[in-house]
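As a plain string of letters, each chain reads:
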Amino acid sequence: MSLLPSSTRSIPDVAAVPRHIAVIMDGNGRWAKKRFMPRVIGHQQGVEALRATVKACRDMGVEYLTVFAFSSENWRRPADEVSFLMGLFIKVLAREAVKMHEKNIILKIIGDRSPFDAALQKAMQDAETLTANNTGLTLTIAANYGGRWDVLNAVKAMLHEHPERVENFTEADLQPYFSMSEAPEPDLFIRTGGEQRISNFMLWQLAYTELYFTDALWPDFDRAELEKAVASYQARERRFGRTSEQLKPT
Ligand code: IPE
Ligand code: IPE
Ligand code: MG
C-alpha cells in the first residue's frame with residue numbers, strides 16, 4: 001500500500017486500486033419511476049446499492065469511500081420526499097452503525113448538520129463516536145453538504161483561529177480546515193444516473209480527480225459496475241500538468 005497521498009503534488013500509481021473513491025449516488029427517483037413506484041422506493045433501494053458498494057470497496061482494498069447522500073440544494077425537493085429521506089437516514093444509521101463497527105469501518109458525516117433534527121444529529125454523532133477508533137475503510141457520508149459551503153467554512157474556521165492570516169494565506173494553510181482534511185483527495189469520482197455534472201460536490205478536492213460517469217441508475221450499481229469504473233481509472237494517465245514523457249521512468 002502506497003503511503004503517498006493522492007494530491008496535486010504527487011502522482012499516485014493508477015495501476016493500483018484507487019485509495020479514495022467519491023460517488024454521487026444519482027438516479028434513485030428514475031429507477032423507481034421506471035417501475036411505476038414512488039420515488040422514495042428508489043431511495044430505499046439505493047441503501048442496498050450502498051451496502052454492496054461498501055462491501056466491494058472493502059474487498060478491493062479501497063481506503064476511503066465518500067458518498068453524496070443529500071446536497072445542500074436537495075432541500076428544494078417536495079417536503080414529503082425530504083422528510084422521507086431524513087427518516088431513512090435515521091433508520092439506516094441506527095441499524096447499520098453497529099454492523100459497520102463490527103466490520104472495522106470508520107463512519108464519518110460531512111456537511112452542515114445544524115438544520116437536521118436533534119434525533120438525527122444524535123444518531124450521526126453516536127455512529128461516529130462508536131466507529132472512531134476503527135482502522136478499516138473510512139466511509140464518509142455527505143449530508144447537507146455543498147462544495148462551496150466546505151470552502152467558505154474552511155476559510156471562516158481558519159481566519160477564526162488565525163486572524164493574522166487575513167492578509168495572506170496559502171492552500172496549505174487552508175487544507176486542515178476542510179471537512180475531508182484527513183483523507184487524501186479522491187482518485188476516482190463516479191456519478192451514476194447519466195448526468196455529467198458535479199452538482200456542488202467536493203469542488204476543492206476534485207481538482208485533479210479522474211471523473212467517471214455511467215448511465216447505470218444508483219440502485220442498479222453493484223460490484224461489477226464498480227469494477228468497470230476502477231478499470232477505466234486504471235487505464236488513465238494522471239499527469240497533474242506534466243507531459244506524458246515526463247512520467248516515463250528514465
Ligand atoms: C439521488 O437520486 C438521491 C438523492 C439526491 C437523495 P435522485 O433522487 O436524484 O434520483 P433522480 O435523479 O431523480 O432519478
Ligand atoms: C446530487 O444529485 C446529490 C446527491 C446525489 C445527493 P441530484 O440529483 O440532486 O443532482 P442535480 O440537482 O440533478 O444536479
Ligand atoms: Mg438526481
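Residues numbered from 1 in each chain as written. Chains lettered and ligands numbered in written order. Predicted model: local features only at pLDDT ≥ 70, side-chain atom pairs only at ≥ 80, totals over all residues. Heavy atoms only, no water.

What to know about the pairing of strand β1 (residues 20-24)
Along a regular strand, successive side chains alternate from one face of the sheet to the other.
Right, on to step 1. With five of its five residues buried, β1 lies for the most part within the structure.
Right, on to step 2. The two faces of β1 match: H20, A22 and I24 on one face and I21 and V23 on the other face are all buried.
Right, on to step 3. With five bridges joining them, β1 and strand β2 (residues 64-71) adopt parallel strand pairing. Looking across to β2, one finds that V23 is bridged to V67.
Right, on to step 4. Relative to strand β5 (residues 188-191), β1 is paired through four bridges, and the arrangement is parallel. The partner of I21 across the bridge, within β5, is L188. (Buried < 20%, exposed > 50% of the residue type's maximum accessible area, 1.4 Å probe, protein only. Helix = DSSP H or I, 4+ residues; strand = E, 2+ residues; numbered from the N terminus. Pairing = 2+ DSSP bridges.)

A few points about the packing of helix α2 (residues 39-60) against helix α3 (residues 79-102)
Right, on to step 1. Contact geometry of α2 with α3 gives a least axis separation of 10 Å together with a crossing angle of 30 degrees. Taken together, α2 and α3 sit at an angle that is classed as roughly parallel. Along this stretch, α2 crosses α3, giving a crossing that reads as right-handed. In this structure, α2 uses R39, V40, H43, Q44, V47 and R51 to contact α3, whose residues at the interface are E81, F84, L85, L88, V92, R95 and E96.
Right, on to step 2. Broken down by class, the residue content of the contact of α2 with α3 amounts to six nonpolar, two polar and five charged. (Axes fitted to C-alpha atoms, helices over the stretch in contact; angles between N-to-C directions. Parallel < 35°, antiparallel > 145°, perpendicular 65-115°, else oblique. Left-handed = near helix turned anticlockwise from the far one by under 90°. Contact = heavy atoms within 4.5 Å. Nonpolar A, V, L, I, M, F, W, Y, C, P; charged D, E, K, R; others polar.)

Details of the confidence of the model for the protein chain
Right, on to step 1. Predicted confidence across the protein chain gives a mean pLDDT of 94, with 96% of residues reaching 70 or more.
Right, on to step 2. Here residues 1-6 is a poorly scored stretch, pLDDT under 50, and it has 15 contacts once near neighbours within four places are set aside; other chains count. (pLDDT = per-residue confidence, 0-100.)

A few points about the site of ligand 1
Right, on to step 1. Taken together, M25, D26, G27, N28, G29, R30, R39, H43, A69, N74, R77 and L85 make up the full set of residues adjacent to ligand 1.
Right, on to step 2. At 2.7 Å, a side-chain N or O of R30 approaches an oxygen atom of ligand 1.
Right, on to step 3. The separation between an oxygen atom of ligand 1 and a polar side-chain atom of R39 is 2.8 Å.
Right, on to step 4. In the complex, the protein chains occlude 87% of the 380 Å² of accessible area that ligand 1 would expose alone.
Right, on to step 5. Of all the elements in the fold, those that place two or more residues in the shell around ligand 1 are α1 (28-34) and α2.
Right, on to step 6. Considering each element in turn, the shell around ligand 1 owes the most residues, three residues, to α1. (Near = heavy atom within 4 Å. Polar contact = N/O pair within 3.5 Å; in protein donor to acceptor, adjacent residues only side chain to side chain. Areas by Shrake-Rupley, 256 points an atom, 1.4 Å probe, with all protein chains shown as cover.)

So, the site of ligand 2
Right, on to step 1. Inspection of the region around ligand 2 gives I24, M25, D26, F68, A69, F70, S71, N74, R77, R191, R197 and S199 as its neighbouring residues.
Right, on to step 2. In this structure, an oxygen atom belonging to ligand 2 sits 3.1 Å away from a side-chain N or O atom of R77.
Right, on to step 3. At a separation of 2.5 Å, an oxygen atom of ligand 2 approaches a polar side-chain atom of S199.
Right, on to step 4. In the complex, 79% of the free accessible area of ligand 2, which totals 390 Å², lies under the protein chains.
Right, on to step 5. Per-element accounting of the shell around ligand 2 gives the leading share, four residues, to β2.
Right, on to step 6. Along the lines of polarity and charge, the residues of the shell around ligand 2 split into five nonpolar, three polar and four charged.

Considering the nonpolar core
A general tendency of soluble globular proteins is for nonpolar side chains to be buried together.
Right, on to step 1. Core analysis: the biggest nonpolar cluster contains 41 residues, and I21, L65, L139 and I190 have the highest contact counts within it.
Right, on to step 2. At seven residues, α3 tops the list of elements feeding residues into this core.
Right, on to step 3. With near-sequence residues (within four places) excluded, L139 lies in contact with V54, L65, V67, M100, I105, I106, L107 and K108.
Right, on to step 4. Counting residues in hydrophobic clusters, the runner-up holds 13 residues, among them I24, I110, A142 and M180. (Core = buried A, V, L, I, M, F, W, Y, C linked by side-chain atoms within 4.5 Å.)

Considerations on the environment of L120
Right, on to step 1. Of note, L120 is situated in helix α4 (residues 118-131).
Right, on to step 2. Each C-alpha atom of the pair L120 and W218 lies 24 Å from the other, and the pair is 98 residues apart in sequence.
Right, on to step 3. Among all residues touching L120, those that are not within four sequence positions of it are M86, F89, I90 and L93.

Observations concerning the pattern of salt bridges
Right, on to step 1. Summed over the entire model, instances satisfying the criterion amount to 20 salt bridges.
Right, on to step 2. D26 is the partner of R30 in a salt bridge, and the nearest nitrogen-oxygen pair spans 3.4 Å.
Right, on to step 3. On the basis of relative accessible area, D26 is assigned to the buried category, the value being 17%.
Right, on to step 4. In this structure, the salt-bridge partner of D187 is R238, at a minimum N-O distance of 3.0 Å. Highlighted residues: D187 in the loop between α6 (171-174) and β5 and R238 in the loop between α7 (223-234) and α8 (244-247), separated in sequence by 51 residues.
Right, on to step 5. Overall, the relative accessible area of 1% leaves D187 in the buried class. (Salt bridge = Lys/Arg side-chain N within 4 Å of Asp/Glu carboxyl O.)

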